[in-house]
Amino acid sequence: MTILETEQLAIGFGGVRAVDGVDLAVERGEVYSIIGPNGSGKTTLFNLISGIYVPSAGSIRLAGENVTGLAPDRLARRGLSRTFQNLQIFFRMSVLENVMVGRHRHETTGILADMLHWPTVARQNRETRKAALVALTRVGLAEAAERPAAALPYGALKRLEIARALASEPTVLLLDEPAAGCNPVETQELDRVIRSLVNEGITVVLVEHDMRLVMNISDRVHVLASGRTLAQGTPREVRTDPAVIEAYLGTHGSQEALRAFG
Amino acid sequence: MLIDRRHLPLTALAAIVVLAPLLFSSLYYYRIAALVFIFALAVVGLNLLMGFAGQVSLGHAGFLGIGAYAVAIGPTYFAAPPWACLIAGAVLSGAVAFAVGRPILKLRGHYLAVATLGFGVLVSIVLTNEAGWTGGPDGMNVPHLVLFDWTVRGSAAWYWIAGVTFIGGFVLAENLVDSPTGRALLAIHDSEIAARMLGVDVARKKLMVFIISAVYASVAGSYLALFDGHITPDVAGFLRSIELVAMVVLGGMGSVFGALVGAAVLVVLPQALTVFQDYEQALLGLLIMVFMIFLRRGIVPTLATALAGWRR
């Protein structure tokens, strides 16, 4: 069953078609990776799907419903969550509090109840805290719960963002370059975390430059170049596609291509 | 522990309100302390907007003005009881904040600052020009507050009323901090985009906290007018707005207790500096600079961090 679908999705910035007629269909429970050389429109595509940009053409469907043009918070309440390539951490908060914000869409108390500290608020806080701790445990950060988020190293912040997104109990999770800046051990850990998400039925859409991770973990891969679809298929199909090899060798230097396909 | 850690600030605050009068050697002290609590009330509200949600307002004295003139105009022209006018003023301030906030809270940073500044100037011009209602630049007299059969007058009575109201305002704000709304506000401060992506309706939350801060300021404005017995458009002036912002920043952005400290410093210091006569204003400015240089994050947060480090 298709959980996330785009049709002829497009957006331009000052004459440049950053994303130009992209069709994709993500099946429930798979890992779907979007790769491509720098500037090929991967993050723009993510920003379109997550409602940060409004497409100039085309449509987006989430769980069968048309969600084109919906704001991010609306999409979040429909079960879409994401992380960011350049981290968006709440640095004024503790690690746990960051993840507690992830529970926002499940919290039901209003601002008046909050100000009066209604008994429901105390119960709500306990539930939120508990769920946030579970999410932290799943990415291996439970120990750091009470530390200020600003005190965490880069790799841990990456996992913190995943925990925060997880706390919202998404059906579809968009991960924007989760392995960027991570060392091999951290990437290994990431691989494990993503697999555990999939085991629970979460659909993962991944933008990633680390080809080993992509090829290991993905059910299907979608290759973008200059905002258009270059190829899509299983990792094996994509790896051997001449157009893909040429795009990587031509624009991105041989090193990454070798790492990816060698 | 005898006192739950969560209630420590509240206990300390209640102790301050109850015990401070032991140090007062004249009614003048009651008067200054009452002013501190009244301004601190407005600052608690503004701090929710600035320190928590991260949205600046350079026009909050406008709401002070609405509250102040509500308790002046209502009883004078409509023979309405002052306490009802205080509530009506708060409702009006909330409504005005809703109407003004919807368009301008879409702006960010400096643009929002300038737009709120415009709002404050607007209120103060209306209060000055509508002389038929407000007495113009000379202001107007404000009747005494009457609660049941008690006519509230004198500094000591106002000290207690302002103190208790401040405690109430403080508790409401502290509650908000440890709640879904409070976490959402703090999240907006650090990353609007991440907050939205987690389901926070950012525009709505900003509007809510703007309205709440307006109501705080309005009640403070009403108190100020009722306490002084006379009110001029200066209450809504630009300098008042700046003073409120300075109290927030000096006490500590995001620290509810900082609101009291910030208000105390900026109310008491000018009084203490009057002995320097002509140099009073210059010295005040200098002292504020020194505070900000050495206590960068504001008095309360900086000292709290220092204390925590020293204990360890």
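Report follows, based on the coordinates.

Rules used throughout
Residues numbered from 1 in each chain as written. Chains lettered and ligands numbered in written order. Predicted model: local features only at pLDDT ≥ 70, side-chain atom pairs only at ≥ 80, totals over all residues. Helix = DSSP H or I, 4+ residues; strand = E, 2+ residues; numbered from the N terminus. Buried ≥ 20, exposed ≤ 12 C-beta atoms within 10 Å, placed from the backbone. Contact = placed C-beta atoms within 7 Å. Pairing = 2+ DSSP bridges. Core = buried A, V, L, I, M, F, W, Y, C linked by C-beta atoms within 7 Å. Nonpolar A, V, L, I, M, F, W, Y, C, P; charged D, E, K, R; others polar. Axes fitted to C-alpha atoms, helices over the stretch in contact; angles between N-to-C directions. Parallel < 35°, antiparallel > 145°, perpendicular 65-115°, else oblique. Left-handed = near helix turned anticlockwise from the far one by under 90°.

## A look at the overall build of chain A
A count of helical and extended segments in chain A gives 11 helices and 10 strands. When the backbone C-alpha atoms are referred to their principal axes, chain A occupies close to 65 × 40 × 35 Å. Considering chain A as a whole, with its 262 residues, one finds that 46% of them fall into the buried category. Look at the contacts in chain A between residues 6 or more apart in sequence, and 66% of them connect residues 24 or more apart.

## What to know about the sheet that holds strand β1 (residues 2-13) of chain A
Residue and element names in this part refer to chain A. Judged by pairing direction, the sheet is antiparallel, and its four strands sit side by side in the order β2-β1-β4-β5 without closing on themselves. With one partner strand each, in any of the chains shown, β2 (16-27) and β5 (65-66) form the two edges of the open sheet. Bridge count between strand β4 (residues 57-62) and β5: two bridges; the pairing is antiparallel. Bridged to Arg61 within β5 is Asn66.

## Examining the nonpolar core
By size, the foremost hydrophobic cluster in this structure holds 172 residues, and its most contacted members are Ile38(B), Phe39(B), Ala40(B), Val43(B), Ala220(B) and Ala263(B). In terms of residues, this core owes the most to one element, helix α2 (residues 27-52) of chain B, which gives 18 residues.

## Considering the interface of chain A and chain B
On the chain B side, the residues contacting the 33 residues of chain A number 25 residues. Elements that contribute at least two residues to the side of chain A that touches chain B include exactly α2 (72-77), β6 (80-82), α3 (95-101), α4 (111-116) and α5 (119-138) of chain A. For the side of chain A that touches chain B, a count of residues per class yields 14 nonpolar, 10 polar and nine charged.

## Quick notes on the pairing of β2(A)
Residue and element names in this part refer to chain A. Both β1 and β2 contribute to a ladder of nine bridges, which runs antiparallel. By the bridge assignment, Ile11 is partnered in β2 with Val19. Between β1 and β2, which pair antiparallel in sequence order, lie two residues; one of them, Gly14, sits at a positive phi of approximately 50 degrees.

## Notes on the pairing of strand β3 (residues 31-35) of chain A
Residues and elements named next belong to chain A. Buried residues dominate β3, accounting for five of its five residues. Burial along β3 is two-sided: Val31, Ser33 and Ile35 facing one way and Tyr32 and Ile34 facing the other are all buried. Bridging between β3 and strand β8 (residues 203-207) involves four bridges; their strand directions are parallel. Across the sheet, Ser33 pairs through a bridge with Leu206, a residue of β8. Where β3 and strand β9 (residues 220-225) come together, four bridges link them in parallel fashion. Each residue of the ladder has a partner; that of Ser33, found in β9, is Val221.

## Some remarks on the packing of helix α3 (residues 61-78) of chain B against helix α10 (residues 202-228) of chain B
Residue and element names in this part refer to chain B. Axis separation between α3 and α10 bottoms out at 6 Å; the angle between their running directions is 45 degrees. The angle between α3 and α10 falls in the class oblique. Pair α3 / α10 crosses with right-handed handedness. Within the contact between the two elements, α3 uses Phe63, Leu64, Gly65, Ile66, Gly67, Ala68, Ala70, Val71 and Ala72 and α10 uses Ala214, Ala217, Ser218, Val219, Ala220, Gly221, Ser222, Leu224, Ala225 and Leu226.

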